[in-house]
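As a plain string of letters, each chain reads:
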Amino acid sequence: GCQAVLVTNPAAQSGFVLLTNGADRNAFGQARARIAAAVDGAPLPTILRSAPFEGDVEGWWLPFTDDNVKRSWISELLGLVRVHQSNGGLILSRGITPWASQRLTQINPSSYALPGFPVATHVFATDIDGTPYLLGDGQASYRKISSAEAATRIAALCTFLATSIVSIVVGLLTLLRRQLRPRRP
């Protein structure tokens, strides 16, 4: 449940670090916004951990945090994104809603920013063991997965959704049939 953010604004020579030991992401986000507003000239919080990233950024990225073991498997699947490079920037498309995408502007070879942000909001980094990560503001951290793993995960999500819908429809039809069945005196 630990959460942390480092925010700097070199032009204003200001910044702050916020460290918490709690799992309430909404409260953490509100605290970041309030502190950022109180620090003269500080932009909205951003993750600025930067490590050289030599790999291919295009492909599928799965949400990842240290507390994933406490989360539902479906939240991981719903957060799956596909990254595409486009005209000096990146496009992040949700796996199940590709029409709802985010465009990021390139700051340097491994750092990108959401529109309107003067500093990086998303940074590609490599872990000590070589695992590539996409670290983003707003509690968005991803690890890269293969296309085959992404297809398997999307198929599992679609199967889950389809069986859930069928179960609900069959249950409702059964209930309706029982209600409409003539009753014996």
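Here the structure is shown first, and the text comes after it.
What comes next concerns the included structure. In this numbering scheme, every chain counts its residues from 1 along its sequence in written order. In keeping with the model being predicted, local features are shown solely for residues with a pLDDT of at least 70 and side-chain atom pairs are shown and tallied solely at 80 or more, while totals for entire chains, interfaces and linings include all residues. Each side-chain value is derived from all of the structure's non-hydrogen atoms; neither hydrogens nor water enter the calculation.

### Structural notes on the overall build of the protein
- Helix and strand assignments come from DSSP, with helices taken as H or I runs of at least 4 residues and strands as E runs of at least 2, each series counted from the N terminus. Within the protein, the regular secondary structure consists of 3 helices and 10 strands.
- Counting helices and strands in the order they occur from the N terminus, the protein gives β-β-α-β-α-β-β-β-β-β-β-β-α.
- Within the protein, contacts between residues separated by at least 24 positions form 44% of all contacts whose residues are at least 6 apart in sequence.
- For every accessible area listed, the method is Shrake-Rupley and the probe measures 1.4 Å; residues are considered covered only by the protein chains on display. Of the accessible surface of the protein, which amounts to about 11200 Å², a share of 59% is contributed by carbon and sulfur atoms. Whether two residues are in contact is decided by their heavy atoms, any of which lying within 4.5 Å being enough.

### Side note on the side chain of threonine 121
- Following the sequence through the fold, threonine 121 ends up in the loop between strand E7 (111-113) and strand E8 (122-126).
- Each residue is assigned to one of three classes by its accessible area relative to the maximum for its type, calculated with a 1.4 Å probe on protein chains only: buried under 20%, partly exposed between the two thresholds, exposed over 50%. The class of threonine 121 is buried, set by a relative accessible area of 0%.
- A 3.5 Å cut-off defines polar contacts: any pair of N or O atoms within that distance qualifies, except that in protein one atom must be a possible hydrogen donor and the other a possible acceptor, and neighbouring residues in sequence count only when both atoms are side-chain atoms. Here the side chain of threonine 121 touches leucine 114 through a polar contact of 2.9 Å, landing on its backbone nitrogen.

### Some words on the packing of aromatic side chains
- Pairing of aromatic side chains requires ring centres within 6.5 Å, counting the rings of Phe and Tyr and the six-membered ring of Trp. Pairs whose planes differ by under 30 degrees are stacked, by over 60 edge-to-face, and all others tilted. In the structure shown here, the tally under the stated rule is 2 aromatic pairs.
- Consider the rings of tyrosine 112 and phenylalanine 124, whose centres lie 5.8 Å apart with planes at 85°: the pair is edge-to-face. Residue tyrosine 112 is found in strand E7, and its partner phenylalanine 124 is found in strand E8; the two are separated by 12 residues along the sequence. Comparing tyrosine 112 with phenylalanine 124, the two get one shared label, buried.
- Taken together, the aromatic side chains of Trp61, Tyr112 and Phe124 make up a single cluster linked through ring pairs.

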